[in-house]
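Residue-level structure breakdown
One-letter residues, chain by chain:
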Amino acid sequence: MPDDNPEIGTSVRTGAFATNVHDRGGGAPVLLIHGSGPGVSAWANWRGVIPALSERFRVIAPDMVGFGFSDRPSGISGTREVWVRQVLDLMDALGLERVDIVGNSFGGAIGLALAVAHPARVRRLVLMGSVGLSFPISEGLEKVWGYEPSFAAMRALLDVFAFDRGLVTDELAELRFRASTRPGFQESFSAMFPAPRQRHLDALATHEAEIRALPHEVLIVHGREDRVIPLDVSLRLADLIDRAQLHVFGRCGHWTQIEQAARFNRLVGDFLGEGA
């Protein structure tokens, strides 16, 4: 890839492999954990969030192992424990004792698991269209994890992600299709979530009793028309977490941070700015 590729940040050693990380801004540290779509990277997921939040915070956005431009070491499987360990290793490498976490979908499950297992390492938590509870896998998530590369398949998948079809252009579909077919990307992606896929969703779930015990302030954000992760998951999380607040965007799908970019950035920025 060219050196000026915006998806490539800084390489940071995290245990047995190197993680590609975007590190912008200054102030209280906020760690962004991306979702699990085909060809995803931290920059592709958070490109509209990083510039806005980095005006107020130090924003750290890694490519989780198996995704983006982080190493793809042989012998390391994609599991919740591996991804939680990666975040902890990254925090240790950067000298960060405690961070705020913003997790998107799959990334929400990792943030939630980390907060439960290591509560002292997390200050506040934002869960956006988040996994983290067990539920019957949706048709939309089946399509995401079962993606086979083609322009037509990517175009159809983007229709699943977004409520606003105006965002789903042929140019965007071509861009994301090309991203999904970079050397190593699809091979790694297809190996992470093979059928039957319900088991992978269940493996990302945290026990409800552990979620109930969370002491953190948590902001839950969801698009009402989300076809990938049902709104009911966030309603259940809001019911379980004592110090939770829930914000639902109408006329919005799974891409809250894109479809409601300005509102999302203000909402998250204000929540994280409280008591910082």
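Here is a short report on the structure shown in this document. (Residues numbered from 1 in each chain as written. Predicted model: local features only at pLDDT ≥ 70, side-chain atom pairs only at ≥ 80, totals over all residues. Heavy atoms only, no water.)

Some thoughts on the pattern of salt bridges
Going by this rule: Note on definitions: salt bridges are taken to be side-chain nitrogens of Lys or Arg within 4 Å of carboxyl oxygens of Asp or Glu. For helices the rule is a DSSP run of H or I covering at least 4 residues; for strands it is a run of E covering at least 2, with both sets numbered from the N terminus onward. Each residue is assigned to one of three classes by its accessible area relative to the maximum for its type, calculated with a 1.4 Å probe on protein chains only: buried under 20%, partly exposed between the two thresholds, exposed over 50%.
Scanning the entire structure with this criterion turns up 18 salt bridges. Where Arg124 meets Glu274, a salt bridge forms, and the shortest distance between an N and an O atom there is 2.9 Å. Residue Arg124 is located in strand β6 (residues 122-128), and its partner Glu274 is located in the segment after α13 (261-273); the two are separated by 150 residues in the primary sequence. Since its relative accessible area comes to 11%, Arg124 is described here as buried.

A look at the environment of Ser138
Heads up, the rule is: Counted as a polar contact is a pair of N or O atoms within 3.5 Å, where, for protein atoms, one must be capable of donating a hydrogen and the other of accepting one, and residues adjacent in sequence contribute only when both atoms are in side chains.
Here Ser138 shows up in the loop between β6 and α5 (139-145). Judged by its relative accessible area of 12%, Ser138 is buried. Placed 51 residues apart in sequence, Ser138 and Val87 show a C-alpha to C-alpha distance of 27 Å. Only 2.5 Å separates the side chain of Ser138 from the backbone oxygen of Val228, close enough to count as a polar contact.

Digging into the sheet that holds strand β3 (residues 29-33)
Inclusion rule: Strands qualify as paired when DSSP identifies two bridges or more between them. Inter-axis angles, ranging from 0 to 180 degrees, are taken between N-to-C directions of lines fitted to C-alpha atoms, where helices are fitted over the stretch in contact.
On the basis of which strands lie adjacent, the open sheet formed by eight strands has the order β1-β2-β4-β3-β5-β6-β7-β8 and mixed pairing. Here the strands that pair on one side only, and so sit at the sheet edges, are β1 (10-14) and β8 (244-249). Averaged over all pairs of adjacent strands, the angle between their axes in this sheet comes to 25°, without regard to strand direction. As judged from the five bridges shared by β1 and strand β2 (residues 17-24), these two strands associate in the antiparallel manner. Within β2, the residue paired with Val12 across the bridge is Thr19.

Side note on the side chain of Asn45
Here is the rule we go by: Here, two residues are considered to be in contact whenever any of their heavy atoms come within 4.5 Å of each other.
In this structure, Asn45 sits in helix α1 (residues 42-46). Here the side chain of Asn45 touches Asn104 through a polar contact of 2.9 Å, side chain to side chain. Ignoring any residue separated from it by four or fewer positions in sequence, one finds Asn45 in contact with His34, Gly35, Val40, Asn104 and Gln257.

Considering the packing of helix α3 (residues 80-93) against helix α4 (residues 106-117)
For the record, the criterion: Oblique is the label for any angle not under 35 degrees, not over 145, and not in the 65 to 115 range, which are roughly parallel, roughly antiparallel and roughly perpendicular in turn. Gly is put with the polar residues, along with every residue not named as nonpolar or charged; the nonpolar set is Ala, Val, Leu, Ile, Met, Phe, Trp, Tyr, Cys and Pro, and the charged set is Asp, Glu, Lys and Arg.
At a closest axis distance of 9 Å, the pairing of α3 and α4 adopts a crossing angle of 70°. In terms of orientation, α3 lies roughly perpendicular with respect to α4. Here α3 contributes Arg80, Trp83, Val84, Val87 and Leu88 to the contact with α4, which in turn contributes Phe106, Ile110, Ala113 and Leu114. When the residues that make up the contact of α3 with α4 are grouped by side-chain class, the tally is eight nonpolar, no polar and one charged.

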